[in-house]
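This is what each chain is made of:
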Amino acid sequence: MNKNKRVLVTGGAGFIGSHLCAVLIEDGYRVVSVDNLITGSRKNIEQLISNKNFEFLKKDIVKDSLGIKKADYIFHLASPASPLDYQKYPEETALTNSLGTINMLELAKKTSAKFLLASTSEVYGDPEEHPQKETYWGNVNSFGPRSCYDESKRFAEAMTYIYLHKYALDARVVRIFNTYGPKMRKDDGRAVSNFINQAISEKPLTVNGDGNQTRSFCYVEDMVEGFMKAMFSTKAKGEVINLGNPEEYNILDLAEKIKKMTGSKSKIVFSALPPNDPGQRRPDISKAKKLLGWSPKVSLTDGLKKTIEYYKSL
Ligand code: NAD
Ligand code: UDP
């Protein structure tokens, strides 16, 4: 049924993008994955390369012409996502989310493709409303170490809104909360990847601040299911929808849980909290439940088990 549908995935060799490509291929779509590999890797898509319905283009969505004439759906995920990555590449991040997003919206307009923007819970900044609903406008610093990412994602949302209303583009925005799982880069600096790799190599687990800041962690399979529902449900057109796991953990508890699950003897060490690090974060997902019939199914324990196995296998 999906055989002749062409899907473009930007950031398709990244962590979430590569899982998404695999699911789309399994469902019979023809997939073009575009990625400049700034934070992604060919290894993430190596099982897909030989599939006749899969094509990989090593291109930059800011600077390169993609040469794509037809597309039915565009999932726009390109952008460094971990704080370590986007602070290493602040200019590239800001340009990818601004100019790169405009380029992808233009492509969607030209090809009449349906469009999904992968936005982020970072648009809520250090939130003063808890849990965060889509109606919350956020508390974001426009002039700081996270602003290259937070503000450019906010701009990407605003640009999507313009194309939706000015050009009647069939577009939706999903705001992703912390997602984890196999294929996260070992050195991407995120809490889950750092703690697991530190624990399995018996190195100290590095907790920032006192570890009382909270996050909600969603397993990547659940997240990809949310992406699919948001793109292929007509009800999502014109909507902005939170996707994430509403179970909230503090970071010290996460470190202790990973230490226990890996049977590690590592110590937990504390250092200063980076500037503008949000104090709390938990999605209100009632809109996703109601509109898409989506909610995450994988518990943190099960998801961490699979992620630990993955890192041990590397
Ligand atoms: P990732 O870094 O693994 O993937 C992003 C991919 O985009 C990489 O493969 C990178 O090489 C590619 N890319 C970056 N700039 C590009 C450009 N100019 N042209 C072409 N490709 C480019 O990160 P991820 O965790 O898979 O995140 C995917 C998307 O989800 C991002 O848009 C991110 O902002 C969003 N997101 C992720 C999380 C999370 O917890 N993982 C949370 C919120 C939002
Ligand atoms: N964190 C930590 N130790 C690490 C990496 C991250 O304590 O080695 C903290 C980080 O300061 C933040 C939380 O864990 O408070 C989540 O960080 P991550 O980079 O995973 O994602 P963020 O939600 O900040 O984008």
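Located above this text is the structure these notes cover.
Attention here is on the structure that accompanies the text. (Residues numbered from 1 in each chain as written. Chains lettered and ligands numbered in written order. Predicted model: local features only at pLDDT ≥ 70, side-chain atom pairs only at ≥ 80, totals over all residues. Heavy atoms only, no water.)

### Let's talk about the side chain of Arg-146
The condition that has to hold: Secondary structure counts use DSSP, requiring at least four H or I residues in a row for a helix and at least two E residues in a row for a strand, with both numbered from the N terminus. Working rule for contacts: check all heavy atoms of both residues, and any pair within 4.5 Å makes them a contact.
The topology assignment puts Arg-146 in the loop between strand E5 (114-120) and helix H4 (147-166). Every residue in contact with Arg-146, bar those within four places of it in the chain, is listed here: Pro-83, Tyr-86, Gln-87, Glu-122, Pro-275, Asn-276, Asp-277, Pro-278 and Arg-281.

### Observations regarding the packing of aromatic side chains
Quick reminder of the rule: Under the pairing criterion, centres of Phe, Tyr and Trp rings, with the six-membered ring standing for Trp, must be within 6.5 Å; the plane angle then separates stacked pairs below 30 degrees from edge-to-face pairs above 60, leaving the rest tilted.
Within the structure shown, the criterion is met by 10 aromatic pairs. Measuring from centroid to centroid gives 6.3 Å for Tyr-29 and Tyr-73, while their planes differ by 85 degrees, and the two rings are edge-to-face. Here Tyr-73 lies in strand E4 (residues 73-76) and Tyr-29 lies in the loop between helix H1 (15-26) and strand E2 (30-34), a separation of 44 residues in the sequence. Each member of the aromatic cluster is reached from another via a ring pair, and the members are Tyr-29, Tyr-73, Phe-75 and Phe-232.

### Section: the pattern of salt bridges
Note the threshold: When a carboxyl oxygen of Asp or Glu lies within 4 Å of a side-chain nitrogen of Lys or Arg, that pair is called a salt bridge. Only protein chains enter the accessibility calculation, which uses a 1.4 Å probe; a residue whose area is less than 20% of its type maximum is buried, one above 50% is exposed, and one in between is partly exposed.
Using the criterion set out here, one finds 18 salt bridges in the structure. Between Glu-122 and Arg-146 there is a salt bridge, with the nearest N and O atoms lying 2.7 Å from each other. Here Glu-122, found in the loop between E5 and H4, pairs with Arg-146, found in the loop between E5 and H4; they are 24 residues apart in sequence, far enough to count as distant. Here the two residues Glu-122 and Arg-146 agree in accessibility, since each one is buried. Between Glu-122 and Arg-281 there is a salt bridge, with the nearest N and O atoms lying 2.5 Å from each other. Taken together, the residues Glu-122 in the loop between E5 and H4 and Arg-281 in the loop between strand E13 (268-271) and helix H8 (286-292) connect sequence positions 159 residues apart. Of the residues examined, Glu-122 reaches a relative accessible area of 5% and is grouped as buried.

### What about the site of ligand 2?
We apply this condition: The near set for a molecule or strand comprises every residue that places at least one heavy atom within 4 Å of it. For this analysis, a polar contact is any N or O atom pair within 3.5 Å, provided that within protein one partner can donate a hydrogen and the other can accept it, and provided that sequence-adjacent residues contribute only side-chain to side-chain pairs. For this classification, the nonpolar set comprises Ala, Val, Leu, Ile, Met, Phe, Trp, Tyr, Cys and Pro, the charged set comprises Asp, Glu, Lys and Arg, and every other residue, Gly included, is treated as polar.
If you check the shell around ligand 2, you find 18 residues, and the closest are Asn-194, Thr-206, Asn-208, Arg-215 and Asp-277. Contact distances for ligand 2 include 3.0 Å between an oxygen atom and a side-chain N or O atom of Gln-213. Sorting the residues of the shell around ligand 2 by element identifies helix H5 (191-200) and strand E8 (205-208) as the ones contributing at least two each. Along the lines of polarity and charge, the residues of the shell around ligand 2 split into six nonpolar, six polar and six charged.

### Considerations on unusual backbone geometry
Along the chain, His-130 connects to Pro-131 via a cis peptide bond; the corresponding omega equals -10 degrees. Although it is not a glycine, Glu-202 sits at a positive phi angle of roughly 55 degrees. For Asn-276, which is not glycine, the phi torsion reads 65 degrees and is therefore positive. Positionally, Asn-276 belongs in the loop between E13 and H8.

### Details of the site of ligand 1
Which entries qualify depends on this criterion: Surface accessibility follows the Shrake-Rupley procedure with a 1.4 Å probe radius. Residue values consider only the protein chains on display as shielding.
In the neighbourhood of ligand 1, 30 residues make up the surrounding shell, with Asp-35, Thr-39, Leu-77, Tyr-149 and Lys-153 lying closest. A distance of 3.0 Å separates an oxygen atom of ligand 1 from a polar atom in the backbone of Ile-38. In the environment of ligand 1, a nitrogen atom lies 3.0 Å from a nitrogen or oxygen atom belonging to the side chain of Asp-60. Protein chains shield 97% of the accessible area of ligand 1, which is 820 Å² for the free molecule. At the level of secondary structure, the elements contributing two or more residues to the shell around ligand 1 comprise H1, E5 and H4. Ranked by residue count, the leading element in the shell around ligand 1 is E5, at three residues.

### Topic: the sheet that holds strand E6 (residues 171-176)
Short version of the rule: Only when DSSP finds a minimum of two bridges between them are two strands counted as paired. Lines are fitted to the C-alpha atoms to define the axes, a helix being fitted only along its stretch in contact, and any angle between axes, read from their N-to-C directions, falls within 0 to 180 degrees.
Spatial strand order, E3-E2-E1-E4-E5-E6-E11: seven strands in an open sheet with parallel pairing. Both edges of this open sheet fall to strand E3 (54-57) and strand E11 (240-243), since each of them pairs with a single strand only. Going across the sheet, the axis of each strand differs from the next one's by a mean of 20 degrees, ignoring polarity. Lying on the sheet, H1 is in contact with strand E1 (6-10), E2, E3 and E4; it crosses E1 at an angle near 170 degrees. Seen against the sheet, helix H3 (residues 90-111) touches E1, E4 and E5 and runs at an angle of roughly 175 degrees to E4.

### Observations regarding helix H7 (residues 251-262)
The condition is simple: Expected span of a helix, by definition, is 1.5 Å for each gap between consecutive residues, and there is one gap fewer than residues.
Its 12 residues place the ends of H7 17 Å apart at the C-alpha level, agreeing with the 16 Å of an ideal helix rising 1.5 Å per residue. Those residues of H7 that are buried are in contact with H5, E8, strand E9 (214-216), strand E12 (248-250), E13 and helix H9 (300-313). Where H7 starts, the residue carrying a side-chain oxygen 3.2 Å from the main-chain nitrogen of Leu-252 turns out to be Asn-250. Where H7 ends, the next residue or the one after it, Gly-263, has phi of about 65 degrees, a positive value.

### Overview of the side chain of Asn-44
Along the polypeptide, Asn-44 turns up in the loop between E2 and E3. Asn-44 gets classed as buried once you look at its relative accessible area, which sits at 10%. Sequence-distant contacts of Asn-44, defined by excluding residues within four places in its chain, comprise Ala-13, Gly-14, Phe-15, Ser-18 and Lys-183.

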